[in-house]
Amino acid sequence: MENQKKATLTYDGNTWELPVYEATVGQSVVDISNLYNDAGIFTYDPGFKSTASCESKITYVDGEKGLLLYRGYPIEQLAKQSDFIETCYLLLHGTLPMEEEKDTFAHSIKIHSMVHEQVSCFYRGFRRDAHPMAVVCGIVGAMSAFYHDSIDNSDPEQCIAASTRMIAKIPTIAAMAYKYSIGQPFMYPRNELNYASNFLQMCFSVPSEDYKVNPLLSRAMDRVLILHADHEQNASTSTVRLAGSSDTNPFACVAAGIACLWGPAHGGANEASLNMLREIATIDRIPEYIARAKDKNDPFRLMGFGHRIYKNYDPRAKIMQETCHEVLQELGIKNDPTLSVAMELEKIALTDDYFISKKLYPNIDFYSGITLRALGFPTAMFTVIFAVARTVGWLAQWREMIADPSQKIGRPRQLYTGSPQRGYVSIKKR
Ligand code: CMC
């Protein structure tokens, strides 16, 4: 390519030219894929702080500006004007659907919402007090044993079938995990309801009573799902891509993503954040926790604060905060102590030098816990709900990856600092 920008690397007296690829928006990348062949060295970047692991057209985050785009559309516009099903279509197909396309897509999701009846036997093998993330991770992994006709990645129809099944069934699987944990009967999906209402119905209705979904709460649930639907190459998405790079089936890939999401530094932060707000309990105790967060010798961190990419307010956190207020108002919750602590904590942290200088702002998990708890979910379900929403993002990224002709099995290198070769010494001579 003429006019192609190049970066120059000088090492050990030799110079190499490395191609630079331009992004449509955001950072360009230096292609180092031939560096080992040409120069005999690896690059070193623990945590991938400066490394783009793939080319993608799905989601863009500008952390300095606090901007999040799904297929080019700002998250604020999608959260206010779109719905989760349309957002799923957008993430998977790259364009907003026409009316008929949306109806067809919504129908295909609805007709796959039930799980194989045998799956319910799987649940009964878990302890009742198992964390629902453990249950959901296990059940999604087990789906490859139930849907043999959608695990051949070389058949595009099977890839679509697997994605449709997972997006359709993940709310059912999550709701069943919840029902199992509280000893209530599993509730079947009701296909006359939309995606968010159906999820609420499967979680909160019981066979012995009529259940009417509150439209405002359903809209809030839908918004939570939109906000969590994708976030480019985060830890769980990269896990899905890395698992998928070996050509394993998509159910196994998504199960791997769920396992990664569970960690408190990632999706588990919403649970950790609410637990922290409850532990702080009253506004007068906030300074003690701020001091702990700033203390280098204390491992404590303000949960729901800070982000690898956002060095500005997380745009999802702003929408989540608004949604949180709407939900509490609808439910007539006037003085929620955790909300009061959260708002005061945010106010103090945003004016504190430590947080300002390190660019630590509230992230999506800061207000999502309060909202989800008000909707009726126990804390253990928060990360499960994140997984329900993120399933579409994982699948969009997985499909993009397997369609990419340049894709190779992920196999990072290392800086080895262990012992050089040495001879084995028998146990008596050591
Ligand atoms: N409270 C106090 N100090 C913090 C916090 C925090 N929440 N987050 C980062 N710092 C400090 C950290 O101690 C470090 O200080 P120093 O430079 O003096 O060593 C500096 O800020 C940079 O932190 P880092 O750990 O190097 O940054 P990272 O990009 O590797 O980590 C993070 C990002 C999200 C893991 C981290 O900010 C964190 O642990 N936050 C709390 C957990 C949380 O809310 N996670 C949800 C992330 S958003 C949802 C998602 O994507 O899953």
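Coordinates for the structure precede this section.
Our subject in this report is the structure included herewith. None of the values given here were measured: they were computed from a predicted structure.

To continue, consider the sheet that holds strand S6 (residues 73–74). The strand order across the open sheet built from three strands is S4-S5-S6, with neighbouring strands paired in antiparallel fashion. Strands at the two margins of the open sheet, each flanked by one partner only, are strand S4 (59–62) and S6. Sheet topology note: the strand S5 (residues 67–70)/S6 ladder contains two bridges and is antiparallel. Following the sheet pairing, Tyr70 is matched in S6 by Tyr73.

Right, let's talk about the nonpolar core for a bit. Counting residues in hydrophobic clusters, the biggest one holds 112 residues, and the most contacted among them are Met221, Leu302 and Phe377. In this structure Leu302 touches Met276, Tyr289, Ile290, Ala293, Leu345, Ala349 and Phe355, once residues within four positions along its chain are discounted.

Moving on to helix H12 (residues 269–280). For H12, which comprises twelve residues, the first-to-last C-alpha distance of 16 Å matches the rise-based estimate of 16 Å (1.5 Å per residue) to within 8%. For H12, a buried count of nine out of twelve residues is recorded, marking the element as mostly surrounded by other parts of the structure. Residues of H12 that are buried make contact with helix H13 (286–294), helix H15 (337–350), helix H17 (365–375) and helix H18 (382–403). Just past H12, the residue Ala281 takes up positive phi, approximately 70°.

Next up on the list: helix H8 (residues 195–204). The buried count for H8 comes to nine of ten residues, which makes it a mostly enclosed element. Every buried residue of H8 is accounted for by Tyr195, Ala196, Ser197, Asn198, Phe199, Leu200, Gln201, Met202 and Cys203. Buried residues along H8 sit in contact with helix H3 (84–93), helix H4 (99–110), helix H7 (156–182), helix H9 (215–227) and H18. Two or three places before Ala196, at the opening of H8, Asn194 has a side-chain oxygen 3.2 Å from that residue's backbone nitrogen.

Our focus in this paragraph is the site of the ligand. Taken together, 21 residues form the shell around the ligand, and within it His266, Lys296, Leu302, Arg308 and Lys358 come nearest. The backbone of Ala265 places a nitrogen or oxygen atom 3.2 Å from a nitrogen atom of the ligand. In the environment of the ligand, an oxygen atom lies 2.7 Å from a nitrogen or oxygen atom belonging to the side chain of Lys296. Computed on the free molecule, the ligand has an accessible area of 940 Å², of which 77% lies beneath the protein chains in the complex. Grouping the amino acids of the shell around the ligand by side-chain chemistry returns ten nonpolar, six polar and five charged.

In the structure shown here, the tally under the stated rule is 18 salt bridges. Here Arg285 makes a salt bridge to Glu288, at a shortest N to O gap of 3.7 Å. Among the salt bridges present, the one from Lys294 reaches Asp352, with a minimum N-O distance of 2.9 Å. Of this pair, Lys294 sits in helix H13 while Asp352 sits in the loop between H15 and helix H16 (353–357), placing them 58 residues apart in sequence. Judged by relative accessible area, Asp352 falls into the buried class, the value being 12%.

Helices that pack against each other are described as a pair by the angle of their axes relative to one another and the distance between those axes. One way to put it is that H12 packs onto H18 with a least axis distance of 7 Å and a crossing angle of 150°. Considering their axes alone, H12 and H18 lie roughly antiparallel with respect to each other. The handedness of the crossing between H12 and H18 comes out as right-handed. Here Asn270, Glu271 and Leu274 of H12 lie close against H18, whose contacting residues are Phe382, Thr383 and Phe386. Per-class residue counts for the contact of H12 with H18 are three nonpolar, two polar and one charged.

This part covers the sheet that holds strand S2 (residues 14–21). Spatially, the three strands line up as an open sheet ordered S1-S2-S3, and their pairing is antiparallel. A single partner strand is all that each edge strand has here, and the edge strands are strand S1 (6–11) and strand S3 (29–30). By the bridge criterion, two bridges tie S2 to S3 in an arrangement that is antiparallel. What sits directly across from Val20, in S3, is Val30.

A few words now on the environment of Arg390. Relative to the helices and strands, Arg390 resides in helix H18. Note on Arg390: relative accessible area 1%, which makes it buried. For Arg390 and Gly257, which are 133 residues apart along the polypeptide, the C-alpha to C-alpha distance reads 9.2 Å. Residues within four places of Arg390 in sequence aside, it is in contact with His228, Ala229, Asp230, His231, Asn234, Ser236, Thr237, His266 and Arg316. Here His228 takes part through its backbone oxygen, which lies 2.8 Å from a polar atom of the side chain of Arg390.

What follows is about the pairing of S4. Residues in a regular strand point their side chains to alternate faces of the sheet. Residues of S4 alternate between two faces, with Thr59 and Val61 on one and Tyr60 and Asp62 on the opposite face, all of them buried. Bridging between S4 and S5 involves four bridges; their strand directions are antiparallel. Paired with Asp62 across the bridge in S5 is Leu67. The antiparallel hairpin formed by S4 and S5 contains four residues in its connecting segment, where Gly66 sits at a positive phi of about 70°.

Right, let's get into the packing of aromatic side chains. On inspection of all chains with the given rule, the structure shows 15 aromatic pairs. Centre to centre, the rings of Tyr354 and Phe355 are 5.1 Å apart; their planes meet at 75°, and the pair counts as edge-to-face. On the basis of relative accessible area, Tyr354 is assigned to the partly exposed category, the value being 24%. Looking at Phe355, the relative accessible area reads 3%, which means it is buried. Put simply, the rings of Phe305, Tyr354, Phe355, Phe366 and Tyr367 pair up and form one aromatic cluster.

Reading the values: rules and limits
- Per chain, residues are indexed from 1 in the order of the written sequence.
- Selection of residues for local features in this predicted model requires a pLDDT of at least 70, selection of side-chain atom pairs for listing and counting requires 80 or more, and totals for whole chains, interfaces and linings are taken over all residues.
- Here the side-chain values reflect all heavy atoms present in the structure, with hydrogen atoms and water set aside.
- When DSSP finds two or more bridges between two strands, those strands count as paired.
- A run of H or I in DSSP counts as a helix once it spans at least four residues, and a run of E counts as a strand once it spans at least two, with each numbered from the N terminus.
- Only buried residues count toward a nonpolar core, which is a set of Ala, Val, Leu, Ile, Met, Phe, Trp, Tyr and Cys residues joined through side-chain atoms within 4.5 Å.
- Accessible area is worked out with a 1.4 Å probe on protein chains only. A residue is then buried under 20% of its type maximum, exposed over 50%, and partly exposed in between.
- Here, two residues are considered to be in contact whenever any of their heavy atoms come within 4.5 Å of each other.
- Each residue after the first adds 1.5 Å to the expected span of a helix.
- The term polar contact refers here to a pair of N or O atoms within 3.5 Å; inside protein, the definition further demands a hydrogen-donor-capable atom paired with an acceptor-capable atom, and it admits residues adjacent in sequence only when both atoms are side-chain atoms.
- We call a residue near a molecule or strand when any one of its heavy atoms sits within 4 Å of it.
- Throughout, the Shrake-Rupley method with a 1.4 Å probe supplies accessible areas, and for residues the shown protein chains are the sole cover considered.
- Amino acids outside the nonpolar list (Ala, Val, Leu, Ile, Met, Phe, Trp, Tyr, Cys, Pro) and the charged list (Asp, Glu, Lys, Arg) are all regarded as polar, and Gly is one of them.
- The term salt bridge refers to a side-chain nitrogen of Lys or Arg lying within 4 Å of a carboxyl oxygen of Asp or Glu.
- Note on geometry: axes are C-alpha line fits, over the in-contact stretch for helices, and angles between N-to-C directions span 0 to 180 degrees.
- Just so you know how the angles are binned, under 35 degrees is roughly parallel, over 145 roughly antiparallel, 65 to 115 roughly perpendicular, and the rest oblique.
- Crossings are sorted by hand: turned counterclockwise from the far helix by less than a right angle, the near helix makes the crossing left-handed, and turned clockwise it makes it right-handed.
- Centre distance within 6.5 Å is the pairing criterion for rings of Phe, Tyr and Trp, where only the six-membered ring of Trp is used; planes under 30 degrees apart are then read as stacked, over 60 as edge-to-face, and the remainder as tilted.

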